[in-house]
Amino acid sequence: MPAPRAILWDVDGTLAETERDGHRVAFNLAFEACGVPWRWDEAHYGRLLEVTGGRERLLHDMAGRDDAPAGVDRQEALARAVHARKNTFYAGLARGGGIPLRGGVLELMQQCRDGGRPMGITTTTSRANVAALLAGPLGAHWEEWFAVIVCGEDVSRKKPDPEVYDRALAALRIAGIDALAIEDSPAGVAAAHAAGLPVIVTRSRYFADAPIEGARAVGPGLHTRDGWRPALPGPGRPGATVGLDDIDAWCGR
Ligand code: XBP
Ligand code: MG
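Computed from a prediction, not measured in an experiment: that's the story for all the values here.

Engineer: Which parts of the structure should I look at to understand the packing of helix α4 (residues 72-95) against helix α6 (residues 127-138)?
Structural biologist: When two helices pack together, you describe them by how their axes are tilted relative to each other and by the distance separating the axes. Running from N to C, α4 and α6 point in directions that differ by 10°, and their axes come no closer than 8 Å. The pairing of α4 with α6 is recorded here as roughly parallel in orientation. Of the residues in α6, those in contact with Lys86, Asn87, Tyr90, Ala91, Ala94 and Arg95 of α4 are Asn129, Ala131, Ala132, Leu133 and Ala135.

Engineer: Hey, could you run me through the sheet that holds strand β3 (residues 148-150) in this one?
Structural biologist: Strand pairing in a sheet relies on backbone hydrogen bonds, with the paired strands running either antiparallel or parallel. In spatial order, the strands read β3-β2-β1-β4-β5-β6; together these six strands make up an open sheet with parallel pairing. This sheet does not close on itself; its edge strands, each paired only once, are β3 and β6 (217-219). Adjacent strand axes in the sheet meet at a mean angle of 15°, parallel and antiparallel pairs treated alike. Bridging between strand β4 (residues 179-183) and strand β5 (residues 199-202) involves three bridges; their strand directions are parallel. Within β5, the residue paired with glutamate 183 across the bridge is valine 201.

Engineer: I tried to follow the coordination of the magnesium ion (ligand 2) on my own but got confused; where do I start?
Structural biologist: By definition of the ideal shapes, a tetrahedral metal site with four donors has angles of 109.5 degrees and an octahedral site with six donors has angles of 90 or 180 degrees. Looking at the magnesium ion (ligand 2), the protein donor atoms are Asp10 (OD), Asp12 (O) and Asp184 (OD), and they sit 2.1 to 2.2 Å from it. Along the chain, the residues donating to the magnesium ion (ligand 2) are arranged with the sequence spacing D-x1-D-x171-D. Of this pair, aspartate 12 sits in the loop between β1 (6-9) and α1 (18-33) while aspartate 184 sits in the loop between β4 and α8 (186-194), and the two are 172 residues apart along the sequence. Accessibility expressed as a relative area gives 3% for aspartate 184, which makes it buried.

Engineer: Which parts of the structure should I look at to understand the pairing of strand β2 (residues 119-122)?
Structural biologist: Here is the key point about a regular strand: its side chains alternate between the two faces of the sheet. Judged by which residues are buried, β2 turns out to be covered on both faces: Met119 and Ile121 on one side and Gly120 and Thr122 on the other are all buried. Sheet topology note: the β1/β2 ladder contains three bridges and is parallel. Looking at the pairing, tryptophan 9 lines up with isoleucine 121 of β2. Here β2 runs beside β3; their pairing, made up of three bridges, is parallel. What sits directly across from glycine 120, in β3, is valine 148. Following the backbone out of β2, through α6 and into the adjacent parallel β3, one traces a crossover that is right-handed.

Engineer: Looking at this structure, I do not really get the pattern of salt bridges. What am I missing?
Structural biologist: Should their charged atoms come close, side chains of opposite charge can pair. Throughout the structure, instances matching the rule amount to 14 salt bridges. Notably, a salt bridge pairs lysine 158 with glutamate 56, separated by 3.0 Å at the nearest N-O pair. Of this pair, lysine 158 sits in the loop between β3 and α7 (163-172) while glutamate 56 sits in helix α3 (residues 54-63); the two residues are 102 residues apart in sequence, bridging distant segments of the chain. When its relative accessible area of 28% is taken as the criterion, lysine 158 is described as partly exposed. For glutamate 56, a relative accessible area of 22% puts it in the partly exposed group. Salt-bridge contacts for arginine 225 lead to aspartate 246; the nearest nitrogen and oxygen are separated by 2.7 Å. Here the residue arginine 225 occupies a position in the loop between β6 and α9 (244-252), and aspartate 246 occupies one in helix α9, the gap between them amounting to 21 residues. Residue classification places arginine 225 among the buried positions, given a relative accessible area of 7%. Residue class for aspartate 246 comes out buried when judged on its relative accessible area of 10%.

Engineer: In this structure, what is going on with the environment of aspartate 154? I would like to understand it.
Structural biologist: Within the secondary structure layout, aspartate 154 lies in the loop between β3 and α7. Sequence separation between aspartate 154 and arginine 167 is 13 residues; the distance between their C-alpha atoms is 8.7 Å. Discounting residues that sit within four places of it in the chain, aspartate 154 has contacts with Ile149, Glu163 and Arg167. Polar contacts involving the side chain of aspartate 154 include one to the main-chain amide nitrogen of cysteine 151, which spans 2.7 Å.

Engineer: Would you mind showing me how to read the side chain of glutamate 17 here?
Structural biologist: Residue position: glutamate 17 is located in the loop between β1 and α1. Within the buried set, glutamate 17 has no salt-bridge partner at all; the shortest N-O distance to an opposite charge, 4.4 Å, is to arginine 102. A polar contact of 2.8 Å, which involves the side chain of glutamate 17, links it to the backbone nitrogen of arginine 205. Excluding anything up to four places from it in sequence, glutamate 17 contacts Gly22, Ile99, Arg102, Ser204 and Arg205.

Calculation notes
Residues numbered from 1 in each chain as written. Chains lettered and ligands numbered in written order. Predicted model: local features only at pLDDT ≥ 70, side-chain atom pairs only at ≥ 80, totals over all residues. Heavy atoms only, no water. Axes fitted to C-alpha atoms, helices over the stretch in contact; angles between N-to-C directions. Helix = DSSP H or I, 4+ residues; strand = E, 2+ residues; numbered from the N terminus. Parallel < 35°, antiparallel > 145°, perpendicular 65-115°, else oblique. Contact = heavy atoms within 4.5 Å. Pairing = 2+ DSSP bridges. Donors = N, O, S within 2.8 Å, 3.2 Å for Na, K, Ca; no water. Buried < 20%, exposed > 50% of the residue type's maximum accessible area, 1.4 Å probe, protein only. Right-handed = clockwise from strand over helix to strand, strands pointing away. Salt bridge = Lys/Arg side-chain N within 4 Å of Asp/Glu carboxyl O. Polar contact = N/O pair within 3.5 Å; in protein donor to acceptor, adjacent residues only side chain to side chain. Lys, Arg positive; Asp, Glu negative; His and termini not counted.

Have a look at this one:
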């Protein structure tokens, strides 16, 4: 397989530890602001991440609670209200610098940009959340870094459904096999594979031990050359990150 013609980035967990540092924290602030007594600790939130989509995740949590409002309509109304507040708090955290990009992400993005390799965003979260996350590190014109941006509101079915990837590939007019996805979660990997894309997995905090199958490479993050399967040349070089050449080599195997 030749070098991928486009690199498609997942957002949550891949670009930053948004679940741990952003969404969960913001949900708890939103519960408080909405007068809801629930708080999600890290372990509980980790289990909830099986459900993609923040609003859907909250509805799933409510389904298992005795103290949730009775009836689907009231539960959906509460989920909508809390989720909207959550996103406001999330944006505040992100714009305030509280959710930094993971190491090596900006370096690889810059290499893609300098080398004319198109990039895309393929995420379950909303465009507003992506804007809040990327406007700091990439600047006010962050969208110009990407040839295609497909977010949660652009699809009718969220990951692990492949729709987000299918839409990105259609916009780029390339086949899945000609692109590469960078993901952190089993649901993300499943979505990319179902759309025919090879995948590289940068494990995030919440999916550190999750079973991952069929990825071109799996490792602890782009910030290090250590701990990758398949192994990278030159491990143990302090400060050296995973670059576009490494990704091309993995894909060329
Ligand atoms: C991860 C998700 C999202 C976020 C919360 O998306 O499932 O739902 O947890 O964001 P990805 P929202 O890894 O594909 O970026 O509240 O906007 O849904
Ligand atoms: Mg993710």
